[in-house]
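# What the coordinates show
Given next are the chains, with one letter for each unit.
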Amino acid sequence: MIKLGITGGIGSGKSFVSHNIAVKFGFPVYDCDAQAKRLMCEHEGIRSDLRLLLGDDVYTSEGLNKSLLIDFLFKNEANAMQVNKIVHPRVKEDFREWAKKRALEGYELVVLESAILFESGFEKEVDSVLMVSAPLELRISRVMERDHSTRERVLARIQAQWPDEKKCLLANFILDNGEGDELDVQLEAIFSSLKC
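The sections below set out a description of the structure shown in this document. (Residues numbered from 1 in each chain as written. Predicted model: local features only at pLDDT ≥ 70, side-chain atom pairs only at ≥ 80, totals over all residues. Heavy atoms only, no water.)

### Focus on the overall build of the chain
Put simply, the test is: The way it works is that DSSP assigns letters per residue, a run of H or I at least four long becomes a helix, a run of E at least two long becomes a strand, and they are numbered from the N terminus. To get the radius of gyration, use the C-alpha atoms; to get the globule rule, take the number of residues to the power 0.38 and multiply by 2.2 Å. Buried, partly exposed and exposed residues are distinguished by accessible area as a fraction of the type maximum, computed with a 1.4 Å probe on protein chains only: under 20%, between the cut-offs, and over 50%, respectively.
From N to C terminus, the chain includes 9 helices and 7 strands. The globule rule puts the C-alpha radius of gyration for 196 residues at 16 Å, and the 18 Å found for the chain is close to it. The principal-axis extents of the C-alpha atoms in the chain amount to approximately 50 × 45 × 30 Å. A burial count over the chain gives 45% of its 196 residues as buried.

### Section: the pairing of strand S6 (residues 128–133)
For clarity, the cut-off: Strand pairing follows a simple DSSP-based rule, namely that at least 2 bridges must link the two strands.
The buried count for S6 comes to 6 of 6 residues, which makes it a mostly enclosed element. Along S6, one buried face is formed by Ser128, Leu130 and Val132 and the opposite face, lined by Val129, Met131 and Ser133, is buried too. Across 4 bridges, strand S1 (residues 2–7) lies against S6 in parallel orientation. In the sheet register, leucine 4 faces S6, and the bridge partner there is serine 128.

### Quick look at the pattern of salt bridges
Close approach of charged atoms allows side chains with opposite charge to pair. Short version of the rule: For salt bridges, the criterion is a side-chain nitrogen of Lys or Arg within 4 Å of an Asp or Glu carboxyl oxygen.
Enumeration over the complete set of coordinates arrives at 14 salt bridges. For the salt bridge of glutamate 44 with arginine 47, the shortest nitrogen-to-oxygen distance reads 3.9 Å. Highlighted residues: glutamate 44 and arginine 47, both in helix H3 (residues 44–54), separated by 3 residues, approximately one helical turn. Judged by its relative accessible area of 54%, glutamate 44 is exposed. You can call arginine 47 buried: its relative accessible area is 17%. Between arginine 139 and aspartate 164 there is a salt bridge; the shortest N-O distance is 3.3 Å.

### Structural notes on the environment of methionine 131
Stated precisely, the cut-off is as follows: Contacts are assigned to residue pairs with any non-hydrogen atoms lying within 4.5 Å of each other.
Note that methionine 131 resides in strand S6. Taking the C-alpha atoms as reference, methionine 131 lies 8.8 Å from leucine 170; in sequence the two are 39 residues apart. Ignoring any residue separated from it by four or fewer positions in sequence, one finds methionine 131 in contact with Thr7, Gly8, Gly9, Asp164, Lys167, Cys168, Ala171, Phe173, Ile174 and Leu175.

### Here's the deal with the packing of aromatic side chains
To keep it simple, the criterion reads: Stacked, tilted and edge-to-face are the three classes assigned to paired rings of Phe, Tyr and Trp, where Trp is represented by its six-membered ring and a pair needs centres within 6.5 Å; plane angles under 30 degrees give stacked, over 60 edge-to-face, the rest tilted. By the criterion adopted, a ring carries a charge over it if an Arg CZ or a Lys NZ lies within 6 Å of its centre and within 35 degrees of its normal.
Evaluated as defined, the whole model comprises 6 aromatic pairs. Each ring, one from phenylalanine 27 and one from phenylalanine 191, has its centre 5.1 Å from the other, and the planes form 70°; the classification is edge-to-face. Here the residue phenylalanine 27 occupies a position in the loop between helix H1 (14–25) and strand S2 (29–31), and phenylalanine 191 occupies one in helix H9 (residues 183–193), the gap between them amounting to 164 residues. Just as phenylalanine 27 is buried, phenylalanine 191 falls in that class too. The rings of Phe25, Phe27 and Phe191 are connected pair by pair, giving a single aromatic cluster. Seen from the ring of tyrosine 59, arginine 47 lies directly overhead, with NZ or CZ sitting 4.2 Å from the centre. Taking NZ or CZ as reference, lysine 166 lies 3.9 Å from the ring centre of tryptophan 162, over its face.

### Remarks on the sheet that holds S6
The condition that has to hold: A fitted line through C-alpha atoms represents every axis, and for helices the fit uses only the stretch in contact; the resulting angles, taken between N-to-C directions, go from 0 to 180 degrees.
Strand order in this open sheet of 5 strands is S2-S5-S1-S6-S7, and the pairing throughout is parallel. In this open sheet, the two edge strands, each paired with only one partner strand, are S2 and strand S7 (173–176). Taken over all neighbouring pairs, the strand axes of this sheet differ in orientation by 25° on average, direction set aside. Contacts between H9 and the sheet are confined to S1, strand S5 (109–113), S6 and S7, with S7 contributing the most and set at about 165° to the helix.

### Observations concerning the packing of helix H2 (residues 32–42) against helix H5 (residues 77–104)
Threshold: Angle categories: roughly parallel below 35 degrees, roughly antiparallel above 145, roughly perpendicular from 65 to 115, and oblique for all the rest. Residues are sorted three ways: Asp, Glu, Lys and Arg are charged, Ala, Val, Leu, Ile, Met, Phe, Trp, Tyr, Cys and Pro are nonpolar, and all the rest, Gly among them, are polar.
Where H2 meets H5, the axes come as close as 10 Å, and the angle between the chain directions of the two elements is 110°. Put simply, H2 runs roughly perpendicular to H5. Side by side, H2 and H5 meet where Cys32, Gln35, Ala36, Arg38, Leu39 and Met40 of the first sit next to Val87, Arg90, Val91 and Asp94 of the second. The residue inventory of the contact of H2 with H5, partitioned by class, reads 6 nonpolar, 1 polar and 3 charged.

Spelled out as structure tokens, the structure:
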């Protein structure tokens, strides 16, 4: 079984591409962001470690105290690293188990989608990496519309991420997701080169 990692900057359309792969090509997708959120609520090891780090208030009767966690995460880089050391290894374990189950179900390819694939070391969990790229102005307009945000806020979020150029140098494949780009044609060529 081939494990394909998908990454891309905010507004590049990586989630759209992953959804397209699942719906049109039938390959299962593991969304790291969604699964990390699930595990922070359900995984006893994560819950215990976050309580030790942030105190009992990190969980309420309604679940994870997201505002407390976000305040801690964005206070400084050291805080984010502490949370990542708790969460990322458990997400990797969960992905490995998920991928084993998909292999037993007969899938020849699975996808791991992560905005921070390289930054978090998740590229070591996959065989190849697909970088989804789009022109900067298009990315900005997509995020402004999606999040009802200002241009300045979107630019700040983009600048906080690794630049696309750096990710493109590390990726095995680059998919152009600008307006009018033939996504399915590009994906078919990628899957053909992966022999699936």
